[in-house]
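Spelled out, the chains give:
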Amino acid sequence: MTTDTIGRFERSLAALEVTSEVVPASAASERIGTAVDDPAVGTALPFEGASLPDAVTAEPTPAELENAATGVTPASFAVAEHGTVAIASSERGDEPVSLYPDRHVAVVAGSDVVADLGDGFDRLLEGFSDGRESVVFATGRSATADMGGLVHGVHGPGEGHVVVLEDR
Amino acid sequence: MASDPSRGETAERLRHLLETEGEIVRPRASEDNARREAAYDELADLETLRTEARAIKEEAIERLPELIQTVRTAVEENGGTVYVADDAADANAYVADVVDVAEADGRSDHDRPSVVKSKSMTTEEIDLNDALEREGVDVYETDLGEWVIQVADESPSHIVGPAMHLSRERIAELLREEFDPDVEFETAADLTAFARDYLGERIREADVGITGANFVVADSGTITLVTNEGNARKCAVTPDTHVAVAGIEKLIPSMEDLEPFVNLIARSATGQPISQYVTMLTPPTPSPTLEFDGPDADEPITASDGESDREFHLVLLDNGRTAMREDDQLRETLYCIRCGACSNACVNFQSVGGHGFGGETYSGGIATGWEAGLHGQDAAAEFNDLCTGCTRCVDACPVEIDIPWINTVVRDRINRGKDPGTYDFLVDGLTPDAESGSGVPLDKRFFGNVGTVAKLASATAPLSNWLAGTGPVRALLERTIGIDRRRDLPVFQRQSLVDWFEANGGAEASRRRARVGTALEREAVLYPDVYTNYVDVARGKATVRTLEALGVPVSVPSLPESGRAALSQGMIATADRRASELYGELAADIDAGRDVVVIEPSDLAAFRREYERLLPEASFERLRSNSYEICEYVYGLLENGADVGALSTADGDEPIAYHSHCQQRTLDLEAPTTAVLERCGYTPETTGSECCGMAGSFGYKREYYDVSVDAGEQLAEELEGSERVVASGTSCSDQLETLLERPVPHPIEVLGPDR
């Protein structure tokens, strides 16, 4: 990771109209709290010193998931070139939590932001050999042009925000 | 069959599509095509990626039986099931059983089992929805375009954008009729919001989620889904049963092989650098299943404690693919990644959409391969002739499939499948070709042997021109060989280019005349293609004058046809013979170090592309590397010291509009012409339209006349404001001269010195 890579990642996100911020892990909880729309659901963050704020319901029920305005999940890694976050499927439900609510807040360690798709595939393949074998590369907001014009927020989130942990 | 009664019907059907669906498809397809070009341009290593992707597909198809075993082992080890279905009925029956069992396991509290689906051409191919509905299953498409098609009870008109032919207004009308909603349908956002809510509910209730697969990774059992909406993810992970239906050709060996495709597929399909969601699922996945109704709705989704009760079935469909794999000509079709780039790049597709340029399931240029392989030759016969061989799809295809060649081969096979025509005597004496008695329709044999026709017409000009212009003759031509009477016929010159050149002293005199220029120590053989020789003789004369002025002596021997005309009619045996004859006649010149200069881009394209399949490799290489498009050649001469002052030059910024030629563009030969025009003091503006729509014989044919003119009008519109217009191809010039009502010469006629 270099500052350049994170800068590039943020620029790619901005081009996709996904907001982002770079914060220390200690500030993550507070920043996530500001970034979510209520009601919010989330899955546990695996970053030392960073946790979900109380306002975010961890281990949601399907009913809570269905009603949530925001879903917060960690990203295994991110690809600066495209503004992509890699969300791994887990028992905790990262896949549905990142998908169902209209707003997705992804949290990624700065050291996990890689430069380009080639590096992203290297990370993906590492994950595969470690048993993390279901991953989505999510880039920007859900979109369709099928209804006679470009619209965001179809089956997936129509808004996105990424919190990059600068010291993780 | 000479007076095929279906010609009029075909014309009528296409005219209707032009006016209805084509109006909507054209801007969308051409916009996607422009976006694809821009997204390709961003990739510095585009060609490496395409070659790599192609090689992976070649290897995968080669190793297919082994990969099927590998994926079976991988999926079963993961806890899923693999079923290889021989055909549509087999696949449908299997899926119906899975749904039956899933419903009996019963998380659903509604009366009928329900299935949610993400978009999949493979399930369209087997009519899975109809089959399931017959079994009492409710099936909901969740991709918005596919859902609209389902509501409309239509078939997809585009591989990627199934509802590409429907306007927003029409979609609103359809949904209003079906759902009688309380909300207003003013904008695309209104429609999308309604669809999201309605389909969201269907997904939450469903017993089974069915997806296709863009790629199936054999050694891990990973299903890759490339989508923008997010519906495929939801279908795959919400219900506890996931069925993925994929053709066996979707298998790739390992995860490493996925990367070039992820890099290419969104670019080629929609011009995006990457699609919103590239989902790589190795099912059954650890994601918790979601029950939005019933007692579990209030239990945390993680409650099952890592015990995923998911069920996964991978249905691999053969349905003719194994036979395609064994067919040397159709095998390439299996490399297709279904991105629809060949449709977007195709001028005829842009005009009529996939309901015109498509078969039972697939549409666009590659559809000929798919339909012929999966549904039989007849399924391809209906639309195959809409491929004019313009080759604009060749650069678009991310896996380098020679789509025009597949169309040519299938056309040849369709021809051969027909009974010999009753009017064959009309051409038999005239044109002893290699397809005699083989059932090739009369019109195709006429156009495929156009050189012989032109020779005779030239010899009898101006009488032949006068006769051909009379009403009774036009009516006869329309009835027998289907030449539309609205189309101007070529005017044949009494003195051919070859005769003119001989009358002016032949090669020896040319050598004397060329001495005035800078000595470049090159000699050229000008290939007198049929049109230059008998019709557009002026551009041939301009070429001779240009080359001599630049110091290159020329010879213009009488040479056989290139076979281009035969190829475009699917007469491969005739083309093959022509290629050998022509190479035989040119071999001595090439061995003597002479350059072969070609004016007509489609003939050069034959030398550089199709001859690879018709000539021995060494012969092909010799001809390919020693033949040049005229402006490419002039550019080379100027680069090597020839005096630009010998040409007819302008002041420095004289505007000129230049329409290259479809095949010339595919050969990357637009640039040399614009460069030469610039060096001669012009400011060339090039056109954006993919093809003029005339495409040799295509624009003459009664059933395609309207389609041809439609494409021509798009091009003419671009050129309307230009005072001076030049075009490289004979067809392009003919089409433009008719539509713009003024002369459209070859660039060499503008650049050549007056004499």
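Owing to the predicted nature of the structure, the values given are computational and were not obtained by experimental measurement.

Draft legend 1. Up close: helix α27 (residues 537-549) of chain B. All names here are of chain B. The first and last C-alpha atoms of α27 sit 18 Å apart over 13 residues, in line with the 18 Å expected at 1.5 Å per residue. Counted residue by residue, α27 has 10 buried out of 13 residues, so it is predominantly covered. If you check which residues of α27 are buried, you get Val-537, Arg-539, Gly-540, Ala-542, Thr-543, Val-544, Thr-546, Leu-547, Glu-548 and Ala-549. In the stretch just after α27, Gly-551 is the one whose phi turns positive, near 95°.

Draft legend 2. The side chain of Gln-350 of chain B, seen in detail. All names here are of chain B. Mapped onto the fold, Gln-350 is located in helix α14 (residues 347-352). Residue classification places Gln-350 among the buried positions, given a relative accessible area of 5%. If we ignore the near neighbours within four places in the chain, the residues touching Gln-350 are Gly-22, Val-25, Arg-26, Ala-29, Ser-30, Asn-344, Ala-345 and Glu-690.

Draft legend 3. Local environment of the sheet that holds strand β16 (residues 682-686) of chain B. All names here are of chain B. Read across the open sheet, the 3 strands follow the order β16-β15-β17; overall the sheet is parallel. The strands lining the two open edges of the sheet, one partner per strand, are β16 and β17 (725-727). In this sheet, neighbouring strand axes are inclined to one another by 35° on average, regardless of whether the strands run parallel or antiparallel. Sheet topology places strand β15 (residues 654-659) next to β16; 5 bridges connect them, and they run parallel. Paired with Pro-655 across the bridge in β16 is Thr-683. Its contacts with the sheet place helix α36 (residues 730-740) against β15 and β17, and it is angled at close to 155° to β17.

Draft legend 4. Looking closely at the pattern of salt bridges. Throughout the structure, instances matching the rule amount to 61 salt bridges over all chains. Here Arg-123 of chain A makes a salt bridge to Glu-126 of chain A, at a shortest N to O gap of 3.9 Å. With a gap of 3 residues between them, Arg-123 of chain A and Glu-126 of chain A both fall in helix α5 (residues 117-129), about one helical turn apart. The salt bridge partner of Arg-522 of chain B is Asp-595 of chain B, with a shortest N-O separation of 2.6 Å. Of this pair, Arg-522 of chain B sits in the loop between α25 (506-514) and β11 (524-527) while Asp-595 of chain B sits in strand β13 (residues 595-598); the two residues are 73 residues apart in sequence, bridging distant segments of the chain.

Draft legend 5. Quick peek at the pairing of strand β2 (residues 114-117) of chain B. Residues and elements named next belong to chain B. Across the two faces of β2 the burial is the same, with Ser-114 and Val-116 and Val-115 and Lys-117 all buried. Two elements, β2 and strand β4 (residues 208-211), share 3 bridges in a ladder whose sense is parallel. Along β4, the bridge assignment pairs Val-115 with Val-208.

Draft legend 6. Broad picture of the side chain of His-82 of chain A. Here His-82 of chain A is to be found in the loop between β5 (77-79) and β6 (84-88). Taking relative accessible area as the criterion, His-82 of chain A reaches 8% and is therefore assigned buried. Beyond its immediate chain neighbours, meaning those up to four positions away, His-82 of chain A contacts Ser-12, Leu-16, Leu-117 and Thr-139 of chain A together with Arg-267, Pro-273 and Ile-274 of chain B.

Draft legend 7. Looking closely at the environment of Asp-102 of chain A. Looking at the secondary structure, you find Asp-102 of chain A in the loop between α4 (94-99) and β7 (103-109). With a relative accessible area of 33%, Asp-102 of chain A lands in the partly exposed category. Sequence-wise, Asp-102 of chain A and Val-154 of chain A are 52 residues apart; in three dimensions their C-alpha atoms are separated by 8.9 Å. Look past the residues within four positions of Asp-102 of chain A in its chain and what remains in contact with it is Ala-68, Ala-69, Gly-153, Gly-156, Pro-157, Gly-158 and Glu-159 of chain A together with Arg-196 of chain B.

Draft legend 8. Inspection of the UniProt feature "domain: LUD" (unreviewed entry) in chain A at higher detail. As annotated by UniProt and renumbered to match this structure, "domain: LUD" (unreviewed entry) occupies residues 63-165 of chain A. Along residues 63-165 of chain A the backbone is 23% helical and 37% strand, and the end-to-end C-alpha distance reaches 30 Å.

Draft legend 9. Region of the structure containing the state of the cysteines. Counted according to the given criterion, the structure contains 0 disulfides over all chains. The thiol of Cys-732 of chain B is unpaired, and the distance to the nearest cysteine sulfur, on Cys-692 of chain B, comes to 4.1 Å.

About the thresholds
Residues numbered from 1 in each chain as written. Chains lettered and ligands numbered in written order. Predicted model: local features only at pLDDT ≥ 70, side-chain atom pairs only at ≥ 80, totals over all residues. Heavy atoms only, no water. Helix = DSSP H or I, 4+ residues; strand = E, 2+ residues; numbered from the N terminus. Expected span 1.5 Å × (residues − 1). Buried < 20%, exposed > 50% of the residue type's maximum accessible area, 1.4 Å probe, protein only. Contact = heavy atoms within 4.5 Å. Pairing = 2+ DSSP bridges. Axes fitted to C-alpha atoms, helices over the stretch in contact; angles between N-to-C directions. Salt bridge = Lys/Arg side-chain N within 4 Å of Asp/Glu carboxyl O. UniProt positions renumbered as here; feature names shortened; annotations may be inferred. Disulfide = S-S within 2.5 Å.

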